[in-house]
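# Report on the structure
This is what each chain is made of:
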Amino acid sequence: MRNSGNRPRWGGWLLLILLALGVAAYLRFAALAYSEIGPDQSILTLIAMRFVNGGPLPLAANKSSAGIMNPPLIVYLLALPLRLRPLLSSPILFQAALSLGGVALLAWGSQRLFGRRVAALAALLFAVNPWAVHYSRFLWNPNPIPFFATLLLLALFFFLRPMPAQSAPPPSRNAWLSLALLCLAAITQLHLSGLVLLPTVGLILLLYWRQWPAPSWRGRLWPLLLGLGLALLLYLPFLRFEQAVGFGDLQAVFDALIGGRSGVTGAVAAAETNTASLALVLELADGAAVWGAQSVWPAALPDGFFLTTLLRWLFVASLAWAAGMIAWDARRRQPLSPRQLARGGLLLWVLLPVLFYLRHTVYLQNYYFLYIFPAPFLLVALMVDDWLAALARRNWPTMARQGVMAGVLAVVLAIAAWQFLINQTGLRLLQRGEIGPPQTAAQVTAAISVTSDLLARYPTCDLTILSAGGAAESSPLGLVEAFVYPRRARLLETGRGFVMPASCTLYLVTAPDPLAQAWLDTQATPLAPTIPATNGDWHFYYVGGENAGILPPLASWQNGLQLVQTEVTGAPAANATIQIDLTWLVTETPPPDIHYHFFNHFLDGSGALVTQDDAPAIQTQYWRLGDRLVTRFHLQLPSELPPGPYDIRTGLYIWPDLTRIPLVDSAETTVTIAQFPSATTP
């Protein structure tokens, strides 16, 4: 049922819908070269590209900050554009298109359900919301959620939509329930915080069960079973992964929800009660604090922040208005309409997650609640539409009535204009370099292009990347590996060491590293061009791979690793730091799926451990036969250090079972690399 107040000037509302879509497209697609590429973006793109390059179907995505493996749906979504066009820009554009699609879906569905006025206002608020824009402009697990949440909400409303008594439901109506359940499964795969939507959607379906279109229980059951079957099919890869790891990740999620117990990821803190969930939902709704970490951003804006506060109060008022209208319609025993259905569903959609997270065990972030989009915009649009319809029915002079209606609309349009200005200012600052991520898509794209050209010039060389992170999971440049495939690439963490390769390699240095740079300056040939970057230019080097004159081993381990040189800098003293540089020779190729860690122990005269430094230093998967590995470790000594003597011993173990590797022809697992007769006093 559409509001009769929407009939006049439909052309104007259609133009506003088109304006909203145009603004949404501009804010989501402009300056995407500045999209952030950090470790999360890198590993997700890498997994997707490995699949595109012919690898097996991924059963999981990356690991969350809580140590829980994420489901793989985000990887499948990113693989779609990469399959069509294997460029880094493809998934970034795809994410922006998904966000724009959410705005378009809201406009289309709202127009069908509530009329063009609601569609125009809701789409405009969604188009310019700063948080909706922010999460549309880079790759991350939860970022596609608003698209699927919009589709889920609309599917529920179309499935439960009341029909006139004389009208038969269309045959396709049951399919909306199946689509809703599929979208629900997608949201919970993209971020496990979306699990709160399970009881939310269940309660909506239960409260409005009389609106299910089929006349019999059998007719009502089949779309439910079909939707559950599709959801299960979407979850099958992750369930296979969880079965292989004993369902540890799902158990960890349960432990986090319960709190105050020892779970599979260790002890879980007791649940705390606070209103952080409410504050974060309000923040998402009004777009506040999107510029909080960038002090230059609010300084570049005019004095209009009261409009953000006004939108927050409009959102709060829309919740109260919806609750009041539900009570009023129930008192008058009005038959259920699409508008009443939407009010009840939207109230549950916003309030249940807030109530669910009033007690929680983790530090909440606003992206935990991205699934509330687009409910705030639809609630505000419905309330404003109700007000305008009520004003249109007032027996006031025409000019007075139209003036008040224009004033109400002017407030909403002023808020939308203010939020557009916030986004536009951010884009301008981004393009001027005054704000922005440490590493952008443009920089990484340039690195991939130059690297590919250089590898074509040196067809026998592989690639070595020196960056802030020595593994695919932690390096912001891990994705380069997949874009230069089938050429091999390895990742080294700055400050932990470097590789003197047995065969030629191209070094890409993206962060300062005095240890590696000193060697490259004497042993490598600089290559052009360099890549301009935010924190210093990126440089390329050619290393020929000659390892002549290798010293005899000081110690040999049974895994084929030999220690050939040691350098210990510093002396034992309270609060002192001892630096250890070790050079190793790889004489055997490590077995696949084996991960070695180096350990360095600082021991007192009785053999008791005082301090240590353990790390993979250079990931085992990057060791090549004949390579020399140069590793650097630091021993931080305690504030109280009695007189010596002290020893430093080094060795290796297998991670994660901590099995030490014995020396060749010996039961020992460590070798002494430094001895000190005593400690100096501070």
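Bear in mind that the values here come from a model prediction, so they are computed numbers and not experimental data.

## Some thoughts on the overall build of the chain
Across its full length, the chain carries 20 helices and 19 strands. Counting only C-alpha atoms and orienting by the principal axes, one finds that the chain spans roughly 100 × 55 × 50 Å. Across the 682 residues that make up the chain, the buried fraction comes to 55%. Restricting the contact set of the chain to residue pairs at least 6 apart, pairs at least 24 apart contribute 74%. In the form shown here, the chain has an accessible surface area of approximately 29500 Å², with 61% of it arising from carbon and sulfur atoms. Taking the average location of the 41 positive side-chain charges in the chain and that of its 35 negative ones, the two points are 26 Å from each other.

## Section: the packing of aromatic side chains
Overall, the coordinates contain 30 aromatic pairs when judged by the stated rule. When the centroid spacing of 5.2 Å and the interplanar angle of 75 degrees are considered together, the rings of Y367 and Y368 count as edge-to-face. Each member of the pair, Y367 as well as Y368, carries the same accessibility label: buried. When the centroid spacing of 5.9 Å and the interplanar angle of 25 degrees are considered together, the rings of F599 and Y653 count as stacked. With F599 in strand 14 (residues 595-604) and Y653 in strand 17 (residues 646-655), this residue pair connects regions lying 54 residues apart in the sequence. Aromatic ring contacts, followed pair by pair, group W131, Y135, F138, W140, Y367 and Y368 into a single cluster.

## Details of the sheet that holds strand 9 (residues 525-531)
To summarise the sheet geometry, strands pair through backbone hydrogen bonds and adopt either a parallel or an antiparallel arrangement. Here we have 5 strands laid out as an open sheet, ordered 6-5-8-10-9, and mixed in their pairing. Each end of this open sheet is capped by a strand with a single partner; those strands are strand 6 (489-493) and strand 9. Pairs of neighbouring strands in the sheet enclose a mean axial angle of 20 degrees, with direction left out of account. One ladder, built from 5 bridges, connects strand 8 (residues 505-509) with strand 10 (residues 538-543); its direction is antiparallel.

## Points about the state of the cysteines
One way to say it: the disulfide is the covalent bond shared by the sulfur atoms of two cysteines. Enumeration according to the criterion identifies 1 disulfide in this entry. Shown here is the disulfide that connects C461 with C504, its sulfur atoms set 2.0 Å apart. Judged by the sign of its S-S torsion, about -115 degrees, the bond between C461 and C504 is left-handed. Taken together, the residues C461 in the loop between helix 18 (441-457) and strand 5 (462-467) and C504 in the loop between strand 7 (497-500) and strand 8 connect sequence positions 43 residues apart. The residues C461 and C504 share a single accessibility class, namely buried.

About the thresholds
- Residues numbered from 1 in each chain as written.
- Predicted model: local features only at pLDDT ≥ 70, side-chain atom pairs only at ≥ 80, totals over all residues.
- Heavy atoms only, no water.
- Helix = DSSP H or I, 4+ residues; strand = E, 2+ residues; numbered from the N terminus.
- Buried < 20%, exposed > 50% of the residue type's maximum accessible area, 1.4 Å probe, protein only.
- Contact = heavy atoms within 4.5 Å.
- Areas by Shrake-Rupley, 256 points an atom, 1.4 Å probe, with all protein chains shown as cover.
- Lys, Arg positive; Asp, Glu negative; His and termini not counted.
- Charge placed at Lys NZ, Arg CZ, Asp CG, Glu CD.
- Phe/Tyr/Trp six-rings, centres within 6.5 Å; stacked < 30°, edge-to-face > 60°.
- Pairing = 2+ DSSP bridges.
- Axes fitted to C-alpha atoms, helices over the stretch in contact; angles between N-to-C directions.
- Disulfide = S-S within 2.5 Å.

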